[in-house]
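Residue-level structural notes
Given next are the chains, with one letter for each unit.
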Amino acid sequence: MGTICILLGLIIFIASLLGGFTAARAYLEGGLANAIITLPQGVNAYILFIAVIGGIGLLICLNLVMHGLTYNRVNKLIRMRRHHS
């Protein structure tokens, strides 16, 4: 279970980076350029979108990785406790 959490976190992080790239490309191709979102001159849309969406994905990834590591460690301690009793 802990390993699944860790892998899921990494998959979500990579997917969020790809999602940021896709959102930036959609913005630049005109899908969102005439919408509410307008960027000032000199702001690279790719860097902005990937950084924001990737940052959110990184937070989710770290949360899942830490839960997975904690789960693995607690199970290891429980097994050691049962073995010594």
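First, a word on scope: everything that follows refers to the structure included in this document. (Residues numbered from 1 in each chain as written. Predicted model: local features only at pLDDT ≥ 70, side-chain atom pairs only at ≥ 80, totals over all residues. Heavy atoms only, no water.)

A contiguous nonpolar patch, built from Val43, Leu48, Val52, Ile56 and Ile60 and spanning about 380 Å² of accessible area, is present on the exposed surface. Topologically, valine 43 is positioned in the loop between helix H1 (2–28) and helix H2 (45–84). Given a relative accessible area of 37%, valine 43 falls into the partly exposed group. (Patch = residues over 30% accessible without salt bridge, like charges linked within 9 Å, V, L, I, M, F, W, Y side chains within 5 Å. Areas by Shrake-Rupley, 256 points an atom, 1.4 Å probe, with all protein chains shown as cover. Salt bridge = Lys/Arg side-chain N within 4 Å of Asp/Glu carboxyl O. Helix = DSSP H or I, 4+ residues; strand = E, 2+ residues; numbered from the N terminus. Buried < 20%, exposed > 50% of the residue type's maximum accessible area, 1.4 Å probe, protein only.)

Turning to the nonpolar core, a few remarks are in order. By size, the foremost hydrophobic cluster in this structure holds 5 residues: Ala23, Ala24, Tyr27, Ala45 and Phe49. Those elements giving two or more residues to this core turn out to be H1 and H2. Beyond its immediate stretch of four places on either side in the chain, phenylalanine 49 contacts Gly20, Ala23, Ala24, Tyr27, Leu39 and Gly54. (Core = buried A, V, L, I, M, F, W, Y, C linked by side-chain atoms within 4.5 Å. Contact = heavy atoms within 4.5 Å.)

A few words on H1. For H1, built from 27 residues, the straight-helix expectation of 39 Å at 1.5 Å per residue is met to within 8% by its first-to-last C-alpha distance of 39 Å. Among the residues of H1, Gly2, Cys5, Gly9, Ser16, Gly20, Ala23, Ala24 and Tyr27 are the ones counted as buried. The inward-facing, buried residues of H1 contact H2. Positioned one or two residues after H1, glycine 30 has a phi angle of 105°, which is positive. (Expected span 1.5 Å × (residues − 1).)

Between the first and last C-alpha of H2 there are 58 Å, a value that for 40 residues agrees with the 58 Å anticipated at 1.5 Å per step. Buried residues of H2: Ala45, Phe49, Gly54, Gly57, Cys61, Leu64, Val65 and Gly68, and no others. Buried positions along H2 lie against H1. The N-terminus of H2 is capped by asparagine 44, whose side-chain oxygen sits 3.2 Å from the backbone nitrogen of tyrosine 46. (Polar contact = N/O pair within 3.5 Å; in protein donor to acceptor, adjacent residues only side chain to side chain.)

Okay, the side chain of serine 16 next. Along the chain, the position of serine 16 falls in helix H1. If we ignore the near neighbours within four places in the chain, the residues touching serine 16 are Ile53, Gly54 and Gly57.

Before going further, it helps to spend a moment on the packing of aromatic side chains. Counted by the stated rule, this structure contains 2 aromatic pairs. Seen in terms of ring centroids, tyrosine 27 and phenylalanine 49 are 5.6 Å apart; in terms of plane orientation they differ by 35°. Their pairing is tilted. Here the residue tyrosine 27 occupies a position in helix H1, and phenylalanine 49 occupies one in helix H2, the gap between them amounting to 22 residues. In this structure, tyrosine 27 and phenylalanine 49 share a single accessibility class: buried. (Phe/Tyr/Trp six-rings, centres within 6.5 Å; stacked < 30°, edge-to-face > 60°.)

By themselves, these figures tell us nothing about what the structure is for.
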